[in-house]
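If you want the building blocks of each chain, they are given just below.
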Amino acid sequence: MRIQAIFGSMMIVGLVAADPVRAQGALAEEIWSESFCQEAVSLARQRGEPPESLDRIYCRALKDYQPSYWQCVIAAMKANVDTTLAIARQRCLASY
């Protein structure tokens, strides 16, 4: 009985200690997402997309998208020079 109590206490301590780790993981994912978003916008600028369409994209507000979404957007844009940021986002969102 005492072993179960000790083991149960260790599990609770482990779960409490893991919570900050999860928070750090979420923060890291947000930072990666924002970075990939900025890379996608930069690529669109280099290709000459109109600034007025790109100025509406605020990467800090779009960090709820997973990094894999933005990686998909970047890959779609690199795969086809004619693919705009908006089109790449629509395609990736459909499979997101």
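As shown above, the structure is provided for reference.
Residues numbered from 1 in each chain as written. Predicted model: local features only at pLDDT ≥ 70, side-chain atom pairs only at ≥ 80, totals over all residues. Heavy atoms only, no water.

Let's shift gears to the environment of S53. Relative to the assigned elements, S53 resides in helix α2 (residues 51–54). It is 9.4 Å that separates the C-alpha atoms of S53 and L85, two residues lying 32 residues apart in sequence. (Helix = DSSP H or I, 4+ residues; strand = E, 2+ residues; numbered from the N terminus.)

Turning next to the packing of aromatic side chains. Enumeration according to the criterion identifies four aromatic pairs in this entry. Centre to centre, the rings of Y65 and Y69 are 4.5 Å apart; their planes meet at 20 degrees, and the pair counts as stacked. Judged by its relative accessible area of 22%, Y65 is partly exposed. Judged by relative accessible area, which is 1%, Y69 ranks as buried. When the centroid spacing of 6.0 Å and the interplanar angle of 80 degrees are considered together, the rings of Y65 and W70 count as edge-to-face. Classification of W70 as buried rests on a relative accessible area of 0%. Here a set of aromatic residues connected by ring pairs shows up, and it is made of Y65, Y69 and W70. (Phe/Tyr/Trp six-rings, centres within 6.5 Å; stacked < 30°, edge-to-face > 60°. Buried < 20%, exposed > 50% of the residue type's maximum accessible area, 1.4 Å probe, protein only.)

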